[in-house]
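Structural description and commentary
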Amino acid sequence: MSEGDAAPATMATPVTRNLTARIAAALVLAPSAIAIAYIGGWLWAALVTLAAIGLYVEWLAIVGETRRISVVASGVAALALAGIVLPFKLSLVALPLGLLAVAALTPERRIWTTSGFIYAAAAEQASIMLRSDPAMGWTALMLVFLVVWVTDIGGYFAGRGFGGPKLWPRISPNKTWAGAVGGFAASIAVAAGFAAFGLGKTVPMLLLGSILSIVSQLGDLFESAVKRRFGVKDSSHIIPGHGGLLDRLDGFVAAVVLAAILGFLRRGADGVGSGLMMW
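All residue numbers here refer to positions counted from 1 along the written sequence of the relevant chain. With the structure being a predicted model, the display of local features is reserved for residues of pLDDT at least 70 and the display and counting of side-chain atom pairs for 80 or more, all residues being used for whole-chain, interface and lining totals. Side-chain metrics in this entry use all non-hydrogen atoms of the structure; hydrogen atoms and water are not considered.

**A few points about the side chain of Asp 247**
- By the element assignment, Asp 247 lies in helix H9 (residues 245-267).
- For every residue, the accessible area obtained with a 1.4 Å probe (protein chains only) is divided by the maximum for its type, and the residue is called buried under 20%, exposed over 50%, and partly exposed between those limits. The exposure class assigned to Asp 247 is buried, which follows from its relative accessible area of 13%.
- In the analysis that follows, any N or O atom pair within 3.5 Å is treated as a polar contact, provided that within protein one partner can donate a hydrogen and the other can accept it, and provided that, for residues neighboring in sequence, both atoms belong to side chains. Of the polar contacts made by the side chain of Asp 247, one reaches the backbone nitrogen of Ser 235; its length is 2.9 Å. Under the scheme used here, helices are H or I runs from DSSP no shorter than 4 residues and strands are E runs no shorter than 2 residues, and both carry numbers assigned from the N terminus.

**Focus on the environment of Ile 39**
- Within the element layout of this structure, Ile 39 appears in helix H1 (residues 3-39).
- For Ile 39, a relative accessible area of 56% gives the class exposed.

**Overview of the nonpolar core**
- To define a nonpolar core, start from buried Ala, Val, Leu, Ile, Met, Phe, Trp, Tyr and Cys residues and group those joined through side-chain atoms within 4.5 Å. If you look at the biggest cluster of nonpolar residues, it comprises 34 residues, and the most contacted ones within it are Leu 130 and Val 144.
- Looking at this core, the elements that each hand over two or more residues are H1, helix H2 (41-63), helix H5 (110-132), helix H6 (137-162), helix H7 (177-196), helix H8 (202-229), H9 and helix H10 (272-277).
- Here the element with the most residues in this core is H6; it accounts for nine residues.
- Should any heavy atoms of two residues lie within 4.5 Å, those residues are counted as being in contact. What Val 144 contacts, discounting residues up to four positions off in sequence, is Leu 130, Leu 212, Phe 252, Ala 255, Val 256, Ala 259 and Leu 276.

**Observations regarding the environment of Ile 36**
- Residue placement: Ile 36 occurs in helix H1.
- In this structure the C-alpha to C-alpha distance between Ile 36 and Leu 245, which are 209 residues apart in sequence, comes to 17 Å.
- Setting aside residues no more than four positions away along its own chain, Ile 36 makes contact with Leu 43, Trp 44 and Leu 47.

**Thoughts on the pairing of strand E2 (residues 172-176)**
- As paired strands, strand E1 (residues 166-168) and E2 are joined by two bridges and run antiparallel to one another. Residue pairing in the sheet places Lys 166 in a bridge with Thr 176 of E2.
- The criterion for strand pairing is that DSSP finds at least two bridges linking the strands in question. Between the end of E1 and the start of E2, which pair antiparallel, lie three residues.

**Points about the side chain of Ser 236**
- Mapped onto the elements, Ser 236 comes out in the loop between H8 and H9.
- Under the relative-accessibility criterion, Ser 236 is labelled buried at 19%.
- Within the structure, Ser 236 has its side chain in polar contact with the side chain of Glu 58 (distance 2.7 Å).
- Here the side chain of Ser 236 touches Ile 238 through a polar contact of 3.4 Å, landing on its backbone nitrogen.
- Dropping the residues within four chain positions of it, Ser 236 is found in contact with Glu 58, Gly 243, Gly 244, Leu 245 and Asp 247.

**Here we look at H7**
- One less than the number of residues in a helix, times 1.5 Å, gives the span that helix is expected to have. Taking 1.5 Å of rise per residue, 20 residues should cover 28 Å, and H7 covers 29 Å from first to last C-alpha, within 8% of that figure.
- Of the residues making up H7, those classed as buried are Gly 179, Ala 180, Gly 182, Gly 183, Ser 187, Val 190, Ala 191, Phe 194 and Ala 195.
- On its buried side, H7 packs onto H6, E1, E2, H8 and H10.
- Of the residues one or two after H7, Gly 198 is the one with positive phi, at around 75 degrees.

**Focus on the packing of H5 against H9**
- Lines are fitted to the C-alpha atoms to define the axes, a helix being fitted only along its stretch in contact, and any angle between axes, read from their N-to-C directions, falls within 0 to 180 degrees. One way to put it is that H5 packs onto H9 with a least axis distance of 8 Å and a crossing angle of 55 degrees. The angle between H5 and H9 places the two elements in the oblique class. As for how H5 packs across H9, the hand of that crossing is left-handed. Of the residues in H9, those in contact with Tyr 119, Ala 122, Ala 123, Ala 126, Ser 127, Met 129 and Leu 130 of H5 are Leu 246, Asp 250, Phe 252, Val 253, Val 256, Val 257, Ala 259, Ala 260 and Phe 264.
- For the contact of H5 with H9, the residue count by class is 14 nonpolar, one polar and one charged. Angular relationships are summarised with four words: roughly parallel below 35 degrees, roughly antiparallel beyond 145, roughly perpendicular across 65 to 115, and oblique for the angles in between. With the far helix as reference, a near helix turned anticlockwise by less than a right angle produces a left-handed crossing, and one turned clockwise produces a right-handed crossing. Lys, Arg, Asp and Glu make up the charged group, whereas Ala, Val, Leu, Ile, Met, Phe, Trp, Tyr, Cys and Pro make up the nonpolar group; the residues left over, Gly among them, are polar.

This is how it looks when you write it as structure tokens:
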């Protein structure tokens, strides 16, 4: 066997290992997240709050501000209070105070630290509000979950399988147009499935699946742009094959925030899930 014949097998090994790690992590994390989301209540709020705290700390690590303990502690405390301890109305007080504290305690890169806090707080509150709807919260959350997951999975395999022109090489050199289209198509299939099972009207579901998929991919690109700005490859190495929480949840954060906004505008704080699903 020549060196030219051996090279592809050698080069494929890291890719195979990465895919194996991604699948193994997903097989553990996805069922756990679904189970906790199904239970809902304080358990879901606790998981979401821990995730939001992780997002905030990883963001600070990317922008180089974890050395300021006061900035870390003030943001973490506000997120914990708003997510677990306080009811929704009081969380609307705790989070602005936390934002002010983060801003006041950051002498440099204030825009970046406050942006990270807003990002984490929006993800936390949107996830809790969406699930809190007793009528359609679980269904709405599952729609967001599945659209984001299949967008990621479809994009990964379509990008690997077809390759082709890069989507935005300066920001994310590995993403391709084929991957973007593959992820989008997979999200349409999920939305069609929801409609087929009577969980929403066909046209609104297809539009919603499309929009959430696009926003999910934009969220991924946004996080990549932040990391590129600070010369960071992964937000952390906490999840095998995926990197950090920011790397894993970037698309979900964008999608769930948009979903919560749409639901809130249509049905208010007590009917966010219904507002998203019932058109």
